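Understanding the architecture of this molecule
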Amino acid sequence: MNRFLNLKYTIVRNRFAWFIVLLWIVVSLCFITPSTFAKQQFTHEQVNEILFHIHAYYVDDLPLSHIDKSNLEQLFTQLDPYSKYLSETELEAIFSAANGRYTGIGIEVEEIENRIVIVNTLPGSPAELAGIEGGDKLVAINAEDVTDKDIAHVSKLLQEAEFSTIKITVERAAHQLTLALRRQEINLESVTSLMLSNGNGYLSLNGFNNNSFHDVARHLSKLASENGEPLAGLIIDLRDNPGGTLTSAVAISDLFLNTGTIVFTKGRFYDANQHFKARNGDVLNGAPVVVMINENSASAAEILAGALQDNHRALVIGTPSYGKGSVQSLIPIGNGTTALKLTTARYYTPSGRSIEGVGISPDITLTKQMLSHLSKSVIMTGEQTTKNKQLARLDSHLLKAKQLLKKQ
């Protein structure tokens, strides 16, 4: 478990130098924010620099000769929704997220039976200190009703709140409670785990940042120690995981694979074409794996699910994933305090599938109701008799995953 993927992250500070920042990100919908062009004044040099990078690195070859240089906002409407200009604040937010930090109130949510439910609060976060509990249902954010909104909308409201203090209303046991929480920088641990019955472990990833590989390795070691012997099987829960860095997804996939392709990327410039292969060494020594996904599992989560599925290393259960099959790179602009987040490649699963707009299809499809019965809150904190009944289903899926391995 000491395998480590060395990463280097470089920010260009020389306004006359340009190259792709060595941070490939597979971002989620959470990073799709309104354009900052209306507030930004560009110099002639910056305009030419932006046009040059799009011409050289964007995944599709676009004719730019007719572009009105005074209206770059119109140009970006021709790109995919993940490509945008990043202000200094937005660029810093992306680096913070990639390094396992974010500014917020510290809640983890799931969509359960058409409601946004808080399933966890981060240790030491404003939400934990205010007494927010797992199982609380979100009712409103800053007086805006969110009872019929999805996770993407709720995330956007929390990220774009105008003031540092956010008022949230939650429903608990048929009563409503409104709390004012002040956002603060929080260090994220992207992994939680639990020892289940029959020697099986449960591992939940809520994102892929620069620390996630180490967190996964540490949790797997902890589970094996608690079990007193190697794990008999593992559940990897990627539901509602919006993604993160490509390098993290590759490194975590490599933990479970002895050989084979993990993912490959294709783009127009040389370095956008990469082929990532597994190195020898399976941290579970061939124990069966089940991967859980849903419609909110995106990008890096889809890379991990696709790699294990195509290499017949895991049984994937749930509902089809989101379907984000593109990779973004950060390209410094000017003196390096701002950047382009530009789609520079598309990725493909080991079998050559592009999941853009399609997603990963599970081997076993579960209804949303069945998935809600196996929600993270049920697994981690559910009432014991109900919990045991539902977790027996996971044991049955692990048996199917074991049968899948025997066929190889």
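Please read these numbers as outputs of a predicted model, since none were measured by experiment. (Residues numbered from 1 in each chain as written. Predicted model: local features only at pLDDT ≥ 70, side-chain atom pairs only at ≥ 80, totals over all residues. Heavy atoms only, no water.)

With mixed pairing, the six strands of this open sheet are ordered in space as E11-E12-E13-E17-E18-E21. The strands lining the two open edges of the sheet, one partner per strand, are strand E11 (191-195) and strand E21 (364-365). Direction of pairing for strand E13 (residues 233-237) relative to strand E17 (residues 289-293): parallel, over a ladder of four bridges. Bridge assignment links Ile-235 to a residue of E17, and that residue is Val-290. (Pairing = 2+ DSSP bridges. Helix = DSSP H or I, 4+ residues; strand = E, 2+ residues; numbered from the N terminus.)

On to the packing of aromatic side chains, then. Here the structure, examined in full by the defined rule, presents two aromatic pairs. Ring centres of Tyr-57 and Phe-269 lie 4.8 Å apart, and the angle between their planes is 75 degrees; on these two criteria the pair is classed as edge-to-face. With Tyr-57 in helix H1 (residues 44-57) and Phe-269 in the loop between strand E15 (261-266) and strand E16 (274-277), this residue pair connects regions lying 212 residues apart in the sequence. Taking relative accessible area as the criterion, Tyr-57 reaches 9% and is therefore assigned buried. (Phe/Tyr/Trp six-rings, centres within 6.5 Å; stacked < 30°, edge-to-face > 60°. Buried < 20%, exposed > 50% of the residue type's maximum accessible area, 1.4 Å probe, protein only.)

This part is about the environment of Ala-401. Position of Ala-401 relative to the elements: it lies in helix H11 (residues 384-406). For the pair Ala-401 and Leu-315, spaced 86 residues apart in sequence, the C-alpha separation works out to 5.2 Å.

Turning our attention to the packing of helix H7 (residues 246-255) against helix H8 (residues 300-310). Packed helices, taken two at a time, are described by the angle their axes make and the gap between the axes. Running from N to C, H7 and H8 point in directions that differ by 25 degrees, and their axes come no closer than 9 Å. In terms of orientation, H7 and H8 fall into the roughly parallel class. For H7 against H8, the interelement crossing comes out right-handed. Contact residues: H7 offers Leu-246, Ala-249, Ile-252 and Ser-253, while H8 offers Ala-300, Ile-303, Leu-304, Ala-307 and Leu-308. (Axes fitted to C-alpha atoms, helices over the stretch in contact; angles between N-to-C directions. Parallel < 35°, antiparallel > 145°, perpendicular 65-115°, else oblique. Left-handed = near helix turned anticlockwise from the far one by under 90°. Contact = heavy atoms within 4.5 Å.)

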